[in-house]
Protein chains: 2
Amino acid sequence: MQINENYLKLKSSYLFANIARKVAAYGAAHPEADIIKLGIGDVTRPLVPAVIDALHKAVDDMAHEETFQGYPPELGQKFLLEDIQKYDFANRGVQLDLDEIFVSDGAKSDTGNIGDIFGVDNKVAICDPVYPVYVDTNVMGGRAGAYREDGHWSNIIYLTCTAENNFLPELPGERPDIIYLCFPNNPTGMAIDKAGLKKWVDYARENECVILYDAAYEAFIPEDRDLPHSIYEIEGAKECAIEFRSYSKTAGFTGVRCGVTVVPKALKVNGVALNALWARRQTTKFNGVSYITQRGAAAIYTPEGHRQIMENIEYYRNNAQVIAAGLNEVGLRTWGAECSPYVWLQTPDHMKSWDFFDLLLNELQVVGTPGEGFGPAGEGYFRLTGFGNAERTKEAVERIKNYFGR
Amino acid sequence: MQINENYLKLKSSYLFANIARKVAAYGAAHPEADIIKLGIGDVTRPLVPAVIDALHKAVDDMAHEETFQGYPPELGQKFLLEDIQKYDFANRGVQLDLDEIFVSDGAKSDTGNIGDIFGVDNKVAICDPVYPVYVDTNVMGGRAGAYREDGHWSNIIYLTCTAENNFLPELPGERPDIIYLCFPNNPTGMAIDKAGLKKWVDYARENECVILYDAAYEAFIPEDRDLPHSIYEIEGAKECAIEFRSYSKTAGFTGVRCGVTVVPKALKVNGVALNALWARRQTTKFNGVSYITQRGAAAIYTPEGHRQIMENIEYYRNNAQVIAAGLNEVGLRTWGAECSPYVWLQTPDHMKSWDFFDLLLNELQVVGTPGEGFGPAGEGYFRLTGFGNAERTKEAVERIKNYFGR
């Protein structure tokens, strides 16, 4: 009897759990402290009225035999798939068949579970810094190799993102099989333009790589910017890319759980369509998303719902811009904020990112996320999020300005 | 670049998808046909009023900043964990810590995903016939070996269940590492008594096996029967068993998606607590269950909610008993129905189970599930479910009685 030994290689526990523990300890020791949390990327605005109405109606459907819904179709309700097909893709010039779109309980599940359909021996390229789930799930899946003292895994190809390359990764020197990309990026908030993304698509096609493209923050790209919301806006991407999308940040669904994964039928590995493999994975190890949730998600594609969610997105992005402007005023360098809810900042005087975390928590009662938690190249950087209340965010910025502007 | 080659070993598609295709084809060719579906194990009764009320209240919570809920705790909301701890376990004499209980989006996901935490080389024992997900997920995970002409996989130890052993499996001749058990059983509907289950717990402890115990149908055991609702009612089970539970059949949640997995901290493999591995798996590759859903699930533990769901369970079980009684009247042998929503029947004259499926569909417009779909030992048997409308179920039984009673 054996366990999956790869699990034992993982470092003790998940980044945000560590932060939560530190904050809880501080709060317990200082019950009077007025802590402002700009750490985890969790939304705070309530669901919009159009979604609330749709959820109530769907609950009522479940109360009557004639409209009751049993097992959902494992791959998504047709009404939602059709909305996604039209509003998220066709309206941006991307034609997808309904069976290329998969509704799930969230992008975290899908970016983790997608590893199931790939061989263990594939070589993976991952940005550094990065959303920790990409790395951790590859450790669990046996693709990471051994943990090295420098904080990297021996078998992962790292795409380093620093101020020097404006946090846009360069093509790898060594050919990977699988490439994780996320734009607008978490944690750096940086977006990629079409020419920049085309370089990756061309590289993947030439080198027969699969790009796993996380577009969870695409809704934060202002409409007047000519930036890609989907990798499929780039020619040839259907032959080399899987895309993950999420309602979490787009519609405030972090507590509702709904995401979307696109696996085009043109994407083949050694002649095998990955679409069929993912369909098989999901029909066998997943049972679809709550009917109620899917009705709620569909409501964001109505004119009302769309207008309402865009107001929230604007609210969060505006918070990020307030943070960035305030930090810049006192000489701190920042990235992101324009096309994302995130502000990525360089710590003053090369301070270690966990030290900066402690300083903000202990001196200013502001919680952020240490860059090092996203990978070794994040050392010396720090993430603040625009997901807080606007007044509280301004208050946090004032505290930071007062402290660092002295 | 390689795919997970194990996926290519799987037979074309999932049992219930095949059935749906056959039924759709028949319906298209005979638009006037009055088809009664007693095939898939999907509920048909609407959610009970207590659950509906709780869902509406939870939706309202999501509409206001003060009560809005973001990311749920990945392992379950405390209010639901406490209800499960008390009503599902403590009230049956089983003491569990809250962090031994994991709330998920359903038992199908968990029984599939649990394979992540085990080594690939473990030997798996599975009943035949069986819920197909146990086999298919082990094929995907690389533990099944090669598919053989007899319908078995070369590396799986099969626990054959037939009329001869009253569909209760015997201890295996060869030692497995992992043993899947499900009681009351799907598809046979048979329950196990405490002495029978103790044999398995003792065997697993002596042989250092892990039992994966699927208790999805425990709520169908009448309270006046002295049968185990949880494997932890058996002494020593905490050291050798993981238990899966579900709100799908208990509370009509097939379309709402909520399940529970218990991994006791006493369960260790080579000194490693599986509880910690599953917690790591779920916090990394899953993001918790919708707050709204968890509020709905918690409502079944109120006195009102409990009474209401038990009425539905009684309704379904009564349907199963009506089916069994009708079939017995015309000389067909049946099992199950007493402690489950399922009737398992022997086909007349050793008819092949897919032939019997075609006969019921074409001649009587009744849909069931061929036993062969659950494994080779299911050949010659057939499953009907009590999840239909009571009147329609009686109508189906009349059709069967008229046909076979001639």
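Residues numbered from 1 in each chain as written. Chains lettered and ligands numbered in written order. Predicted model: local features only at pLDDT ≥ 70, side-chain atom pairs only at ≥ 80, totals over all residues. Heavy atoms only, no water.

Considerations on the overall build of chain A
Within chain A, the regular secondary structure consists of 13 helices and 15 strands. Taken over C-alpha atoms, the radius of gyration comes to 21 Å for chain A, in line with the 22 Å a tight globule of 406 residues would show. Each of the three principal axes of chain A carries a C-alpha extent, and together these read 60 × 50 × 50 Å. A burial count over chain A gives 65% of its 406 residues as buried. Surface accessibility of chain A: about 14,500 Å² in total, with carbon and sulfur atoms responsible for 48%. (Helix = DSSP H or I, 4+ residues; strand = E, 2+ residues; numbered from the N terminus. Rg over C-alpha atoms; globule rule 2.2 N^0.38 Å. Buried < 20%, exposed > 50% of the residue type's maximum accessible area, 1.4 Å probe, protein only. Areas by Shrake-Rupley, 256 points an atom, 1.4 Å probe, with all protein chains shown as cover.)

Points about the interface of chain A and chain B
The interface is formed by 78 residues belonging to chain A together with 78 residues belonging to chain B. Between chain A and chain B, a total of about 6,500 Å² is buried, with carbon and sulfur atoms accounting for 58% of that surface. The three residues of chain A that bury the most area against chain B are Met-1, Tyr-71 and Arg-280 of chain A, which together make up 14% of that side's buried surface. Residues Asp-136 of chain A and Arg-280 of chain B are paired through a salt bridge, measuring 3.0 Å at the closest nitrogen-oxygen approach. (Contact = heavy atoms within 4.5 Å. Buried area = accessible area lost by both parts, 1.4 Å probe. Salt bridge = Lys/Arg side-chain N within 4 Å of Asp/Glu carboxyl O.)

With respect to the packing of aromatic side chains
Within this structure, the stated rule accounts for 50 aromatic pairs over all chains. Ring geometry for Trp-335 of chain A versus Tyr-381 of chain A: centroids 6.0 Å apart, planes at 75°, classification edge-to-face. Here Tyr-381 of chain A lies in strand 15 (residues 381-385) and Trp-335 of chain A lies in strand 11 (residues 334-336), a separation of 46 residues in the sequence. With a relative accessible area of 7%, Tyr-381 of chain A lands in the buried category. We note Arg-45 of chain B situated over the ring of Tyr-315 of chain B; from NZ or CZ to the ring centre the distance is 3.9 Å. (Phe/Tyr/Trp six-rings, centres within 6.5 Å; stacked < 30°, edge-to-face > 60°. Lys NZ or Arg CZ within 6 Å of the ring centre and 35° of its normal.)

So, the confidence of the model for chain A
Predicted confidence across chain A gives a mean pLDDT of 96, with 99% of residues reaching 70 or more. The ipTM for the predicted assembly is 0.96, set against a pTM of 0.96. (pLDDT = per-residue confidence, 0-100.)

Side note on the pattern of salt bridges
Inspection of every chain in the model, using the stated rule, returns 56 salt bridges over all chains. Between Arg-92 of chain B and Glu-223 of chain B there is a salt bridge, with its nearest N and O atoms 2.8 Å apart. Of this pair, Arg-92 of chain B sits in the loop between helix 4 (78-89) and strand 2 (101-104) while Glu-223 of chain B sits in the loop between strand 6 (210-214) and strand 7 (241-246), and the two are 131 residues apart along the sequence. Given the relative accessible area of 55%, Glu-223 of chain B is considered exposed. In this structure, Asp-202 of chain B and Lys-198 of chain B form a salt bridge, with 2.8 Å as the shortest nitrogen-oxygen distance. Taken together, the residues Asp-202 of chain B and Lys-198 of chain B, both in helix 7 (residues 194-207) and four residues apart, mark about one turn of the helix. In this structure Asp-202 of chain B comes out as partly exposed when scored by relative accessible area, which is 24%. Its relative accessible area of 37% is what places Lys-198 of chain B among the partly exposed residues. When salt bridges that share partners are traced, they join Asp-34, Arg-392, Glu-395 and Arg-399 of chain A into one network.

What to know about the relation of the copies chain A and chain B
Laying chain A over chain B is done by rotating through 180° and shifting 0.0 Å along the axis; what remains is an RMSD of 0.0 Å. When the rotation and shift are considered jointly, the pair of chain copies conforms to a two-fold rotation axis. Among all residues of chain A, the minimum C-alpha distance to the rotation axis is found for His-56 of chain A, at 3.1 Å. Here 100% of the contact residues of chain A are again contact residues in chain B; the copies associate through an equivalent surface. (Least-squares fit on C-alpha atoms with pLDDT ≥ 70 in both.)

Description of the packing of helix 11 (residues 353-364) of chain B against helix 12 (residues 390-404) of chain B
Residue and element names in this part refer to chain B. Interaxial distance between helix 11 and helix 12 falls to 11 Å at its minimum, and their mutual angle equals 105°. Put simply, helix 11 runs roughly perpendicular to helix 12. Where helix 11 abuts helix 12, its residues Phe-356, Leu-359, Leu-360, Glu-363 and Leu-364 lie against Arg-399, Ile-400, Tyr-403 and Phe-404. (Axes fitted to C-alpha atoms, helices over the stretch in contact; angles between N-to-C directions. Parallel < 35°, antiparallel > 145°, perpendicular 65-115°, else oblique.)

Observations concerning the nonpolar core
In terms of nonpolar packing, the biggest core is built from 290 residues, with Tyr-247 and Leu-274 of chain A together with Tyr-247 and Leu-274 of chain B touching the most fellow members. When sequence neighbours within four positions are dropped, the list of residues in contact with Tyr-247 of chain A reads Leu-80, Ile-84, Gly-252, Phe-253, Cys-258, Gly-259, Val-260, Ala-297, Ile-300 and Tyr-301 of chain A. (Core = buried A, V, L, I, M, F, W, Y, C linked by side-chain atoms within 4.5 Å.)

Description of the pairing of strand 6 (residues 210-214) of chain A
Residue and element names in this part refer to chain A. Summarising burial for strand 6: five of the five residues are buried, a large majority. Residues Val-210, Leu-212 and Asp-214 point to one face of strand 6 and Ile-211 and Tyr-213 to the other, with burial holding for every one of them. Pairing of strand 5 (residues 178-182) with strand 6, which is carried by five bridges, proceeds in the parallel orientation. In the strand pairing of strand 6, Leu-181 is matched with Tyr-213. For the segment spanning strand 5, helix 7 (residues 194-207) and strand 6, crossover handedness is right-handed. (Pairing = 2+ DSSP bridges. Right-handed = clockwise from strand over helix to strand, strands pointing away.)

A few points about the sheet that holds strand 8 (residues 259-262) of chain A
All names here are of chain A. Taken in spatial order, the seven strands line up as 2-8-7-6-5-3-4 in an open sheet, and their pairing is mixed. On the outer flanks of this sheet lie strand 2 (101-104) and strand 4 (156-160), each paired with one strand and no other. Taking the axes of each pair of neighbouring strands and ignoring which way they run, one obtains an average angle of 20° across the sheet. Two strands pair when backbone bridges link them, and strand 6 and strand 7 (residues 241-246) are joined in this way by four bridges, in the parallel orientation. By the bridge assignment for strand 7, Ile-211 is matched with Ala-241. Helix-sheet contacts for helix 4 (residues 78-89) involve strand 2, strand 7 and strand 8, and the interaxial angle to strand 2 is about 115°. Sitting on the sheet, helix 6 (residues 132-140) is in contact with strand 3 (124-128), strand 4, strand 5 and strand 6, with an inclination near 145° to strand 3.

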